Amino acid sequence: DHVIRKVKILFYLEDASIKVVEPKVDNSGIAQGCLIGRQRIKLPDSIDFYDVTDFNIGESVVLYGRTFHIVDCDTFTRNFLRRLGIRVAEPLSMPSDPYLEIRNESNKIKSSRDLSPRDERFKKFIEYDKKILRFKGYWDDRSSQYGYLHLLQVRYFLSDDTLEVVEMPEYADEIGRYTLLKKIKLPKGSVSPHLPGQTDEHTVLNLAADFSSMLTDPLNCGRSQITYYTDKDLRLDYHPFPRPKTDYELSEDSLISINNKLRQLPPYNGFGTFEDSAVNCNILDPLLNPPVQSMRQFLQESGQGLDCRILRFNARRISEQDDSKQFHFCVSGKVWTAES
């Protein structure tokens, strides 16, 4: 048994260097790629180097103990050799590889069989891995306290038919990124909790009381039938529930402009000044003060012990009253945030 390895021999005219590259074949089981790096190679048992006249169709060249048989060349090489007065033969047929023939025959036998559910999932994973359908949507949560209009991105993974709903990346930087739905297979409608074994792929039948003989049920009678969302259920302007009544167009710019508008402040309660009460209300606004901070920046600039990197200043209140000198304040500023 032997293996036929197909390679490309590159000869550089500028310095008479040679490079041998083997195209990669999936699941070949051998290391492929660049076999011989670009360099000048000497002829066997000689001090001379290989030249362009040493390469032709039907010839064999020995490079570092390996014999390469030349069977074809590209159009530029053929025309260049003919201009040098070298006769170029017609392309030769590539010999068949017995290893690939055995593999192709076994693959035909496997493809003719009925695939098991496990093989079906694996085949789907190989075909649709890293292929994701992305849709833009929204969630109107302004009816709740401190709620706002969420701009969402619905991601459907074709490899395993799972769904994920996250805040849109370009908009989540302002308010913090949230994951509304983790990557799961989303069932349709309301689904009650399942008993152990109801969602398994196979139903096991106990043929003996001592569990010495068991058999899988080919009909899966004990398995609960659950319908999940698929790629066919996702389409533009899709609403599984009654569509909310809105007085604005569903465009990205209009949704962002609505969220950027300041909310109406609650009535003034009479404590302090109106500006103080307004500041307290704005602090609780998640749009103006996102709760998410940069953990990487915190670890890099927070420091430890005495090197805590917090700027502290002594301060006192300036007032016309005489008791203002009794109050002393400490103003601290954190380097890694804009808080003070």
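Residues numbered from 1 in each chain as written. Predicted model: local features only at pLDDT ≥ 70, side-chain atom pairs only at ≥ 80, totals over all residues. Heavy atoms only, no water.

The name given to the protein in an unreviewed UniProt entry is EF-hand domain-containing family member C2, with Cacopsylla melanoneura as the source organism. One UniProt comment on the protein, placed under Subcellular location (unreviewed entry), says "Cytoplasm, Cytoskeleton, Cilium axoneme". (UniProt positions renumbered as here; feature names shortened; annotations may be inferred.)

Visitor: Explain the sheet that holds strand β2 (residues 17-22) to me, please; I cannot follow it from the model alone.
Guide: Backbone-to-backbone hydrogen bonds pair the strands of a sheet. The strands run either parallel or antiparallel. Taken in spatial order, the 3 strands line up as β1-β2-β3 in an open sheet, and their pairing is antiparallel. The strands lining the two open edges of the sheet, one partner per strand, are β1 (8-12) and β3 (33-39). Taken pair by pair, the neighbouring strands of this sheet meet at an average axis angle of 15°, ignoring direction. Both β1 and β2 contribute to a ladder of 5 bridges, which runs antiparallel. Paired with Lys8 across the two strands is Val21, which belongs to β2. (Pairing = 2+ DSSP bridges. Helix = DSSP H or I, 4+ residues; strand = E, 2+ residues; numbered from the N terminus. Axes fitted to C-alpha atoms, helices over the stretch in contact; angles between N-to-C directions.)

Visitor: How should I be thinking about a nonpolar patch on the surface in this particular structure?
Guide: A cluster of nonpolar side chains, contributed by Val3, Tyr99 and Leu100, occupies part of the molecular surface with about 240 Å² of accessible area. Note that Val3 resides in the segment before β1. (Patch = residues over 30% accessible without salt bridge, like charges linked within 9 Å, V, L, I, M, F, W, Y side chains within 5 Å. Areas by Shrake-Rupley, 256 points an atom, 1.4 Å probe, with all protein chains shown as cover. Salt bridge = Lys/Arg side-chain N within 4 Å of Asp/Glu carboxyl O.)

Visitor: Sorry if this is basic, but what is going on with the layout of surface pockets here?
Guide: The rolling of a water-molecule-sized probe over the atoms marks out the regions of remaining empty space. As a volume, the second largest pocket reaches approximately 1,100 Å³. Elements that contribute at least two residues to the lining of the second largest pocket include exactly β1, β5 (66-69) and α1 (75-83). Residues that form the lining of the second largest pocket fall into these classes: 21 nonpolar, 4 polar and 6 charged. (1 Å grid on protein atoms, 1.4 Å probe; cavity = no way out; pocket = protein on both sides within 12 Å on 5 of 7 lines; lining within 4 Å. Points joined across faces, edges and corners; volume = space filled by probe spheres on them. Nonpolar A, V, L, I, M, F, W, Y, C, P; charged D, E, K, R; others polar.)

Visitor: What is the right way to read the packing of aromatic side chains from this model?
Guide: Both the distance between ring centres and the angle between the ring planes are used here to describe each pair of aromatic rings. All chains considered together, the criterion is met by 4 aromatic pairs. Centre to centre, the rings of Phe11 and Phe55 are 5.5 Å apart; their planes meet at 50°, and the pair counts as tilted. Highlighted residues: Phe11 in strand β1 and Phe55 in the loop between β3 and β4 (60-63), separated in sequence by 44 residues. Considering the side-chain rings of Tyr50 and Phe55, the 5.7 Å spacing of their centres and the 45° angle between planes classify their relative orientation as tilted. Look at Tyr50 and you get buried, because its relative accessible area is 5%. A relative accessible area of 11% places Phe55 in the buried class. Above the ring of Tyr12, the side-chain terminus of Arg38 is found at 3.7 Å from the ring centroid. (Phe/Tyr/Trp six-rings, centres within 6.5 Å; stacked < 30°, edge-to-face > 60°. Buried < 20%, exposed > 50% of the residue type's maximum accessible area, 1.4 Å probe, protein only. Lys NZ or Arg CZ within 6 Å of the ring centre and 35° of its normal.)

Visitor: Got a minute to help me understand the environment of Asp51 in this structure?
Guide: Following the sequence through the fold, Asp51 ends up in the loop between β3 and β4. Owing to a relative accessible area of 38%, Asp51 belongs among the partly exposed residues under this scheme. Placed 39 residues apart in sequence, Asp51 and Tyr12 show a C-alpha to C-alpha distance of 9.8 Å.

Visitor: Help me understand the sheet that holds strand β7 (residues 149-157) in this model?
Guide: Taken in spatial order, the 4 strands of this open sheet run β6-β7-β8-β9, and their pairing is antiparallel. The open sheet has two free edges, formed respectively by β6 (132-140) and β9 (179-184), since each of these has just one partner strand. Each adjacent strand pair in this sheet contributes to an overall mean axis angle of 25°, direction not counted.

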